[in-house]
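A look at the structure
In case you want the letters, here they are:
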Amino acid sequence: AEYAYGAAGNGDNTYGATYTGIDGMTIAVGAGEINKSDGSSGIESRTAGVKYATGGFTFGLQLTEVEHGATGTQDEDGTHYGITYNVNDDVSVGYSVQETDFSGTSATEENSGFQASYSMGSISFSGRVTKQENSAGTAGSSDEDKHITMSIAF
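The following refers to the structure shown. (Residues numbered from 1 in each chain as written. Predicted model: local features only at pLDDT ≥ 70, side-chain atom pairs only at ≥ 80, totals over all residues. Heavy atoms only, no water.)

1. Some words on the overall build of the chain
Helix and strand content of the chain: zero helices and 10 strands. Along the chain, from the amino end to the carboxyl end, the secondary structure elements read β-β-β-β-β-β-β-β-β-β. Since a compact globule built from 154 residues should have a radius of gyration of about 15 Å, the 19 Å found for the chain marks it as more spread out than a globular shape. Once the C-alpha set of the chain is aligned to its principal axes, its extents read approximately 55 × 40 × 35 Å. When each of the 154 residues of the chain is scored for burial, the buried share is 14%. For the chain, restricting intrachain contacts to residue pairs at least 6 apart in sequence, the fraction spanning at least 24 positions comes to 27%. A total accessible area of about 9900 Å² is found for the chain, and carbon and sulfur atoms account for 55% of it. If the 6 positive side-chain charges of the chain are averaged to one point and the 21 negative ones to another, these points end up 5 Å apart. (Helix = DSSP H or I, 4+ residues; strand = E, 2+ residues; numbered from the N terminus. Rg over C-alpha atoms; globule rule 2.2 N^0.38 Å. Buried < 20%, exposed > 50% of the residue type's maximum accessible area, 1.4 Å probe, protein only. Contact = heavy atoms within 4.5 Å. Areas by Shrake-Rupley, 256 points an atom, 1.4 Å probe, with all protein chains shown as cover. Lys, Arg positive; Asp, Glu negative; His and termini not counted. Charge placed at Lys NZ, Arg CZ, Asp CG, Glu CD.)

2. Overview of the packing of aromatic side chains
The geometry of an aromatic ring pair is captured by the separation of the ring centres together with the interplanar angle, meaning the angle of the planes. Applying the stated criterion across every chain yields a total of three aromatic pairs. The interplanar angle of 15 degrees and the centroid separation of 5.9 Å between the aromatic rings of Phe57 and Phe59 together place this pair among those described as stacked. Among the aromatic residues, ring-to-ring pairing joins Phe57, Phe59 and Tyr85 into one connected group. (Phe/Tyr/Trp six-rings, centres within 6.5 Å; stacked < 30°, edge-to-face > 60°.)

3. Side note on the pattern of salt bridges
Pairs can form between side chains of opposite charge whenever their charged atoms are close. Counting across every chain of the model gives six salt bridges. We note a salt bridge from Lys131 to Glu133, for which the minimum N-O separation is 3.2 Å. Judged by its relative accessible area of 36%, Lys131 is partly exposed. Between Glu144 and Lys146 there is a salt bridge; the shortest N-O distance is 3.7 Å. Accessibility expressed as a relative area gives 61% for Lys146, which makes it exposed. Among the charged side chains, a salt-bridge network with shared partners connects Glu44, Arg46, Glu65 and Glu67. (Salt bridge = Lys/Arg side-chain N within 4 Å of Asp/Glu carboxyl O.)

Written out as structure tokens, the structure reads:
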């Protein structure tokens, strides 16, 4: 839990809880509110997620809702899910999807991508290939990304 007192007497707060009492499973929930400096309604958010690991696989699902109060800004409903597989102690691969529905738009934004990593002692390599469709709910707007990283620990 967190509370930040604002100069105008308003405050921002967030709350969260995690449960790990089931073998291999993590359940998490959270909520928060960011108020405007004039004390009026700002942004409220809620999220819930579950992650389950079995063998080399990990599955995850998260649902998020963001409401922008009376600002006229689009509210958002998001669904995030993914799967990873640890091939061995050194190699992992994964696939994830994020779908966001913006109120007042006709298209749902979708981000998807593949990720992979390889570790060899103190050197790690990772890469991803991602695609975004209908950016911010704008039909036909898209982008792609390819990224490779090498890191060395001393």
